[in-house]
Amino acid sequence: MTATAVPSTPSPSGSAKPAWDKGLANTIAAETEMSFIDGGKGILEYVGIDIDSLARNSTYEETVFLLWNRRLPKKDELAAFERALRAEYELAPEIYNLIATLPKSTTPMHALRTLVSALATVDPTADDHSIEGSQLKALKLVAKTPALIANFDRHRSGKPFAKPDASQNIAGSFLTMLTGQKPTDAMNRALDVCLILHADHGLNASTFAARVTIATLSDMYSAMTTAVGTLKGPLHGGANEEVMVMLNEIGTIDRVDAFVKAKLAKKELVMGFGHRVYKTTDPRATYLKTFSKQVATDTGNEKLYEMSRTIEDLMAAEVGSKGIWPNVDFYSATTYHSLGLRLDLFTPMFAMSRMAGWSGHCIEQLRDNRLIRPQASYIGPHAAKYVPIAER
Ligand code: ACO
């Protein structure tokens with residue numbers, strides 16, 4: 001039954017009935033000053049600056065400042081912002097205790113969702129909705145998420161907890177906690193670039209979910225918990241992990257052709273391809289392709305890169321004309337694998353970065369808030385009789 005076939009609730013404002021827009025693909029539901037996307041031309045800008053230029057020249061910390069302040073920082077401002085972040089790296093003892101109680105079989109995204117939520121329990125200002133209070137919570141969330149992910153991974157691997165390293169940037173401190181060793185500059189930069197590329201992306205599903213939650217005047221921790229849960233799905237952030245599962249399943253380049261063609265013939269998804277907004281190559285994928293080649297070569301994973309490139313070429317020939325091109329998740333899988341990250345940490349890496357975009361959007365929402373409450377078109381029966389249970 002189509003949505004227009006039945007009478008629906010009139011618009012609360014008394015105006016014309018709202019249009020039904022499955023998947024909200026043609027609905028503008030928020031204003032933002034942070035990122036601009038032109039899906040037809042393959043453009044992504046943060047506050048007007050092209051993503052390629054940021055990936056080449058910026059750092060994650062500088063990019064977060066840019067997103068939150070709508071301008072690049074001066075040298076002393078960036079130093080002060082980095083100090084403020086580093087002062088918030090550490091977790092409360094209660095959070096380490098909680099990590100220690102999680103079953104080791106928990107997947108990292110379930111653990112992260114639980115732990116982000118738990119941060120509220122040790123923040124007495126969790127329900128402070130002021131802009132300043134929300135900005136402080138945004139800072140804490142960006143600063144603490146790396147320690148949540150790394151220490152959950154250590155816990156499940158039977159390793160002792162590792163404290164964050166406030167002498168390093170977010171990427172360096174995270175990799176040091178995770179592996180127990182300070183990363184090389186190249187590894188640090190590789191993760192830093194991935195963090196820049198994932199920091200914000202318009203009103204994607206998880207950002208929308210975060211804005212819906214904060215718009216009820218719930219709290220920042222609840223909004224970030226909502227967002228982590230939404231990102232987890234394989235149609236969204238969970239796709240980077242699925243890409244790696246697929247690459248492992250294919251195994252060797254000579255099997256690419258048969259694998260991809262069989263998937264398409266069965267109308268199954270090839271993960272890491274397609275995007276709601278981009279109908280050409282996702283510009284983040286363009287940069288990551290070149291970057292992942294370098295990281296893969298440096299770490300002896302050339303074959304993985306070559307296999308990814310072969311899949312891309314085949315998909316371009318088979319479904320490029322339908323607007324299905326690589327998205328950010330496709331080459332980030334090769335990059336994360338080359339960095340030595342376990343497969344199920346790929347999506348948490350996305351969350352670690354996107355915490356900046358999610359929280360920035362929540363503050364934008366709070367600055368000009370209105371409850372987000374769309375309508376559903378009722379397509380069930382009317383005037384149905386209540387039948388007592390004994391008579392059913
Ligand atoms: N592989 C094969 N076919 C695809 C793919 C794909 N990856 N993506 C889309 N298609 C096909 C669909 O089957 C559909 O075909 P049809 O017209 O014959 O029915 C057509 O392209 C249109 O696809 P939709 O699902 O309508 O596109 P939508 O905008 O709703 O979905 C989405 C976008 C969810 C990203 C989709 O492309 C997909 O599932 N991709 C794989 C998962 C993935 O990589 N997700 C990460 C997205 S990026 C991110 O969230 C960070």
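Residues numbered from 1 in each chain as written. Predicted model: local features only at pLDDT ≥ 70, side-chain atom pairs only at ≥ 80, totals over all residues. Heavy atoms only, no water.

Peer 1: Is there a simple way to explain the overall build of the chain in this structure?
Peer 2: Tallying secondary structure elements over the chain gives 16 helices and 3 strands in all. Taking 21 Å as the expected radius of gyration for a compact globule of 392 residues, we find that the chain reaches 22 Å, a close match to that expectation. Along the first, second and third principal axes, the C-alpha atoms of the chain reach 70 × 55 × 50 Å. Here the chain holds 392 residues, and the buried ones make up 49% of them. Contacts in the chain between residues far apart in sequence, at least 24 positions, make up 75% of those at least 6 positions apart. As displayed, the chain offers around 18,500 Å² of accessible surface, 55% of which is attributable to carbon and sulfur atoms. (Helix = DSSP H or I, 4+ residues; strand = E, 2+ residues; numbered from the N terminus. Rg over C-alpha atoms; globule rule 2.2 N^0.38 Å. Buried < 20%, exposed > 50% of the residue type's maximum accessible area, 1.4 Å probe, protein only. Contact = heavy atoms within 4.5 Å. Areas by Shrake-Rupley, 256 points an atom, 1.4 Å probe, with all protein chains shown as cover.)

Peer 1: Can you walk me through helix α3 (residues 75–86) in this structure?
Peer 2: Side chains of residues three or four places apart in an α-helix project in the same direction, reflecting 3.6 residues per turn. The terminal C-alpha atoms of α3, which comprises 12 residues, lie 17 Å apart, in line with the 16 Å expected from a rise of 1.5 Å per residue. Looking only at α3, the buried set comprises Leu78, Phe81 and Leu85. Projection of α3 onto a plane perpendicular to its axis shows the buried side chains occupying an angular sector of 65°, all on one side. In α3, the exposed positions that point more than 90 degrees away from the buried face belong to Lys75, Asp76 and Arg83. Those residues of α3 that are buried are in contact with α2 (60–69), α6 (131–156) and α7 (170–179). (Expected span 1.5 Å × (residues − 1). Arc of directions from axis to C-beta.)

Peer 1: Hey, could you run me through the pairing of strand β2 (residues 43–46) in this one?
Peer 2: In summary, the side chains of a regular strand alternate between the two faces of the sheet. Here β2 shows one buried face, formed by Leu44 and Tyr46, and one open face, formed by Ile43 and Glu45. As defined by bridge partners, strand β1 (residues 35–38) adjoins β2 across 4 bridges and the pair is classed as antiparallel. The partner of Ser35 across the bridge, within β2, is Tyr46. Hairpin connection of β1 to β2: 4 residues between the antiparallel strands, including Gly42 at a positive phi of 75°. Where β2 meets strand β3 (residues 49–50), 2 bridges bridge the pair, whose relative direction is antiparallel. Residue pairing in the sheet places Tyr46 in a bridge with Ile49 of β3. Between the end of β2 and the start of β3, which pair antiparallel, lie 2 residues, with Val47 showing a positive phi angle near 50°. (Pairing = 2+ DSSP bridges.)

Peer 1: How should I be thinking about the site of the ligand in this particular structure?
Peer 2: With respect to spatial proximity, 21 residues lie near the ligand, and among them His236, Val270, Phe273, Arg276 and Asn327 are the closest. Contact distances for the ligand include 2.9 Å between an oxygen atom and a side-chain N or O atom of His236. Measuring from an oxygen atom of the ligand, one finds a side-chain N or O atom of Lys322 at 3.2 Å. Looking at the shell around the ligand residue by residue, the class counts come to 11 nonpolar, 5 polar and 5 charged. (Near = heavy atom within 4 Å. Polar contact = N/O pair within 3.5 Å; in protein donor to acceptor, adjacent residues only side chain to side chain. Nonpolar A, V, L, I, M, F, W, Y, C, P; charged D, E, K, R; others polar.)

Peer 1: When you look at helix α16 (residues 346–367) in this model, what are you seeing that I'm missing?
Peer 2: Between its terminal C-alpha atoms α16 stretches 32 Å, which fits the 32 Å expected from 22 residues at 1.5 Å a residue. Taking the largest bend as the criterion, α16 deviates by roughly 45°, centred on Arg354. Of all 22 residues in α16, 21 are buried, a share of seventy percent or more. (Bend = angle between axes of the 7 residues up to and from the residue.)

Peer 1: Looking at this structure, how should I read the pattern of salt bridges?
Peer 2: Two side chains that carry opposite charge are able to pair once their charged atoms sit near each other. Tallied over the full model, the rule gives 19 salt bridges. In this structure, Lys144 engages Glu88 in a salt bridge whose closest nitrogen and oxygen atoms are separated by 3.2 Å. Pair noted here: Lys144 is in helix α6 and Glu88 is in the loop between α3 and α4 (93–101), with a separation of 56 residues, a long-range link. Each member of the pair, Lys144 together with Glu88, is buried. With its nearest N and O atoms 3.2 Å apart, the salt bridge here joins Arg189 to Asp192. Separated by 3 residues within a single helix, Arg189 and Asp192 lie in helix α8 (residues 185–198), roughly one turn from each other. (Salt bridge = Lys/Arg side-chain N within 4 Å of Asp/Glu carboxyl O.)

Peer 1: Sorry if this is basic, but what is going on with the packing of helix α12 (residues 256–265) against helix α14 (residues 302–319) here?
Peer 2: Any two packed helices are characterised by the angle at which their axes cross and by the distance between the axes. Close contact between α12 and α14 brings their axes to 10 Å; oriented N to C, the two are set at 40°. Overall, the two elements α12 and α14 adopt an arrangement that is oblique. Where α12 crosses over α14, the handedness of that crossing is right-handed. Packed against α12, whose contacting residues are Val256, Asp257, Val260, Lys261 and Leu264, the element α14 presents Met307, Thr310, Ile311, Leu314, Met315, Glu318 and Val319 at the interface. Residues that form the contact of α12 with α14 fall into these classes: 8 nonpolar, 1 polar and 3 charged. (Axes fitted to C-alpha atoms, helices over the stretch in contact; angles between N-to-C directions. Parallel < 35°, antiparallel > 145°, perpendicular 65-115°, else oblique. Left-handed = near helix turned anticlockwise from the far one by under 90°.)

Peer 1: Looking at this structure, I do not really get the confidence of the model for the chain. What am I missing?
Peer 2: Low pLDDT means the predicted coordinates in that region are not meant to be read closely. Counting all residues, the mean pLDDT for the chain is 94, and 96% of those residues have values of 70 or more. Note that residues 1–10 has pLDDT below 50 and, in this model, 16 contacts with residues that lie over four places away or in other chains. (pLDDT = per-residue confidence, 0-100.)

Peer 1: Quick question: what am I supposed to make of the packing of aromatic side chains here?
Peer 2: Two aromatic rings, taken as a pair, are described by how far apart their centres are and by the angle between their planes. Summed over the entire model, instances satisfying the criterion amount to 8 aromatic pairs. Consider the rings of Tyr305 and Tyr331, whose centres lie 6.1 Å apart with planes at 35°: the pair is tilted. Within this pair, whereas Tyr305 is found in helix α14, its partner Tyr331 is found in helix α15 (residues 328–338), the two being separated by 26 residues in sequence. Note on Tyr331: relative accessible area 1%, which makes it buried. Linked through ring pairs, Phe273, Tyr305, Phe330 and Tyr331 together constitute an aromatic cluster. (Phe/Tyr/Trp six-rings, centres within 6.5 Å; stacked < 30°, edge-to-face > 60°.)

Peer 1: How should the sheet that holds β3 be read in this particular structure?
Peer 2: Hydrogen bonds between backbone groups are what pair the strands of a sheet, and the pairing can be parallel or antiparallel. Strand order in this open sheet of 3 strands is β1-β2-β3, and the pairing throughout is antiparallel. Edge positions in the open sheet fall to β1 and β3, since each of these has one partner strand only.

Peer 1: Whenever I open this one, the environment of Tyr287 confuses me. Can you help?
Peer 2: Structurally, the position occupied by Tyr287 is in helix α13 (residues 283–298). Excluding residues that lie within four positions of it along the chain, Tyr287 makes contacts with Asp52, Ala55, Arg56, Val193 and Leu197.

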